[in-house]
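One letter stands for each residue in the lines below.
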Amino acid sequence: MVPAFTPQNIRALGPLIVVGCIYQALGLVLALIIREFFWVPHRFRSGLIFAGIWSNWGDWKAIAIILSVAATAPFKAGDGDLGVAYISIFILLFNVTLFPLGGHLLIANDFKGSDKTPEQVKEELKRRQNSWFSWCAKLLRLIFLQKRTSLVGRQTDVEGSHKGENETESRLSHDKIAKEEQGSVHCSAEEEVTTRIVDRPQHVRHTISCGALSNTGDQASVLTGDDTPVDYIPSPGYITATTPDEVSTTPTAAIVATKDKEFNEQLSLKESQTTTTATTNDASSPPSTLTSRFLGSLRALVSPITIAMFVAFPIALIQPLKSLFLELEESSSSSPRIPNAPDGKPPLYFILDTTSFLGGASIPLGLICLGAAFASLKIPSRGGSGAGNENTRNQSLPVGAIASMAVAKLVVSPVLGILIVNGFVKIGFIDEDDKVLRFVAMFFSGMPTSTSQVLLTQVYSGTGEAEHLSAFLIPQYALMFVSTTALTAYSLHTIF
């Protein structure tokens, strides 16, 4: 990164991050579609999402191919180092989304709760598919009804326009007749109502006046509409007013009042105890979940890869600082030239030389880790102990999901990646003259699933195994040799 990045090409950082995020979002969508249409083992339901999002961006194969292709024509001298610098942005995005943002928890989620048999998972998948199909059928039916209603409405409007002219005169005449009939009916209705009120019994017209309750006598009285006092005898269970100063209650009301008082006392006692317990717990409780997650994300950022990248960026962009590690051209630096060490190199060149020497071991170490990961996998085979075991293995193998994931990662994603990069070039978001950037962005759209998933699955499984993962990884890496060759050839043909 230090030799490759300059203040002139650092603007490529933004397009690389955007393209990387788009590739991860695209993998998420493809994985969700595959999981909705093909059955996946219960212990791999979130692992499939992980396999779709995180591709093998930091693998030795990508670095080796970029170095070998960018170091020869039609690329220019020094484009190999620039390609590795661009790869480091993808690696940084990979590590940030995997650990600080909690992507590794997807694999941990697979091993929570009880396991389910393949038949149960298939039954749940069938129910989800039926709900999807019914929802789509309802949507299509609704669209068809709306179109049909609009067509019928148009025909009705046309017919109504022809009939409107003929009905105008008849409406006017009907309105006049209706008004006359309405006047006569109104008069007859008033007479009928008056007659009914007069003939009505007197006690029916009596109404109780609001606020007419009196407690001045031995019994309460209610004044009617005719101001005639009527004795009011309260029913049992209600309060009876004997005098203005005394109110006696029945036994039922007394019992209810006593129980309500006891309940309120118990409720207030519980509230005071709860408040005291909460105060004690708050004093001795650990930090909140949000704070712990934030601190965990910060700790996840403190890794050798991210530290090296964060240190390399300021060294690469600050020219006086960069001149301590590399010999810069006089035209590229306006600051005073720093004298070299006794060996004729910049003072801190030995640090860069040592790290470059150690970095050369990344490809052999990557091969060793990849071989160890594949060696620990259990490859599905016909080597069961009997015919029944063999049939069970073949039936429980998610062939549809395996083939779909391989096609999505190595065929669909590269096609969409090339279209996305070319679209960004046309709108000017990616510099057309930056051939290395375009090649790296296209090439990284066709990477298989990351082998880091093997190690994470072995950690979270609790048994050190990753039984379902091998069936998804092996086909992808077997097809990678063909797909990567085709992707590299087409990318170079498109760029040059």
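Refer to the structure above for everything that follows.
Residues numbered from 1 in each chain as written. Predicted model: local features only at pLDDT ≥ 70, side-chain atom pairs only at ≥ 80, totals over all residues. Heavy atoms only, no water.

Trainee: Help me understand the packing of aromatic side chains, please; the structure alone is not making it clear to me.
Mentor: Pairs of aromatic rings are described using the distance from one ring centre to the other and the angle between the two planes. Throughout the structure, instances matching the rule amount to 12 aromatic pairs. For the ring pair F75 and F496, a centre distance of 5.2 Å and an interplane angle of 90° mean the geometry is edge-to-face. Residue F75 is found in the loop between α3 (60–70) and α4 (79–98), and its partner F496 is found in the segment after α17 (469–495); the two are separated by 421 residues along the sequence. For F496, a relative accessible area of 44% puts it in the partly exposed group. Across the ring face of Y349, the terminal group of K345 is positioned such that the distance to the ring centre comes to 5.3 Å. One cation-aromatic arrangement involves K435 over F496; the distance from NZ or CZ to the ring centre is 5.8 Å. (Phe/Tyr/Trp six-rings, centres within 6.5 Å; stacked < 30°, edge-to-face > 60°. Helix = DSSP H or I, 4+ residues; strand = E, 2+ residues; numbered from the N terminus. Buried < 20%, exposed > 50% of the residue type's maximum accessible area, 1.4 Å probe, protein only. Lys NZ or Arg CZ within 6 Å of the ring centre and 35° of its normal.)

Trainee: Any chance you could explain the pattern of salt bridges here in plain terms?
Mentor: If charged atoms from side chains of opposite charge come close, those side chains can pair. Here the structure, examined in full by the defined rule, presents 5 salt bridges. Its salt-bridge partner being E124, residue K116 comes within 2.7 Å of it at the nearest N-O pair. Given the relative accessible area of 30%, K116 is considered partly exposed. (Salt bridge = Lys/Arg side-chain N within 4 Å of Asp/Glu carboxyl O.)

Trainee: Which parts of the structure should I look at to understand helix α2 (residues 45–53)?
Mentor: Think of an α-helix as turning once every 3.6 residues; residues three or four places apart then point the same way. Where burial is concerned, most of α2 is hidden: 8 out of the 9 residues are buried. Of the positions making up α2, those classed as buried are S46, G47, L48, I49, F50, A51, G52 and I53. In this structure, the buried side of α2 is in contact with α1 (13–37), α4, α5 (105–109), α14 (399–427), α16 (452–461) and α17. (Contact = heavy atoms within 4.5 Å.)

Trainee: Where do I start with the environment of S68 in this structure?
Mentor: Residue position: S68 is located in helix α3. For the pair formed by S68 and G80, sequence separation is 12 residues and the distance between their alpha carbons is 7.4 Å. Among the polar contacts listed, one links the side chain of S68 to the backbone oxygen of A64, at a separation of 3.0 Å. (Polar contact = N/O pair within 3.5 Å; in protein donor to acceptor, adjacent residues only side chain to side chain.)

Trainee: Explain the packing of α14 against α17 to me, please; I cannot follow it from the model alone.
Mentor: The geometry of α14 relative to α17 is characterised by a closest axis approach of 9 Å and an angle of 20° between their N-to-C directions. As far as their axial angle goes, α17 and α14 are roughly parallel. Between α14 and α17 the crossing geometry is right-handed. Contacts from A401, I402, M405, A406, K409, L410, P414, I418 and N422 in α14 reach A471, F472, P475, Q476, L479, M480, S483, L487, Y490 and T494 in α17. For the contact of α14 with α17, the class distribution of residues is 14 nonpolar, 4 polar and 1 charged. (Axes fitted to C-alpha atoms, helices over the stretch in contact; angles between N-to-C directions. Parallel < 35°, antiparallel > 145°, perpendicular 65-115°, else oblique. Left-handed = near helix turned anticlockwise from the far one by under 90°. Nonpolar A, V, L, I, M, F, W, Y, C, P; charged D, E, K, R; others polar.)

Trainee: Is there a simple way to explain the side chain of T488 in this structure?
Mentor: Following the sequence through the fold, T488 ends up in helix α17. Take T488: its relative accessible area is 12%, and that puts it in the buried class. Polar side-chain contacts of T488 include one of 2.8 Å to the backbone oxygen of T484. Those residues in contact with T488, other than ones at most four positions away along the chain, are I65, V69, F439 and F443.

Trainee: How should the nonpolar core be read in this particular structure?
Mentor: The nonpolar side chains of a soluble globular protein tend to be buried, and buried together. In terms of nonpolar packing, the biggest core is built from 70 residues, with W57, Y86, F90, V440 and F444 touching the most fellow members. Among the elements that line this core, the one with the most residues is α4, at 11 residues. If near-sequence neighbours (up to four positions away) are discounted, V440 is found in contact with I66, G83, Y86, I87 and F90. Ranked by size, the runner-up nonpolar core spans 6 residues in total, among them I315, F325, L326 and L352. (Core = buried A, V, L, I, M, F, W, Y, C linked by side-chain atoms within 4.5 Å.)

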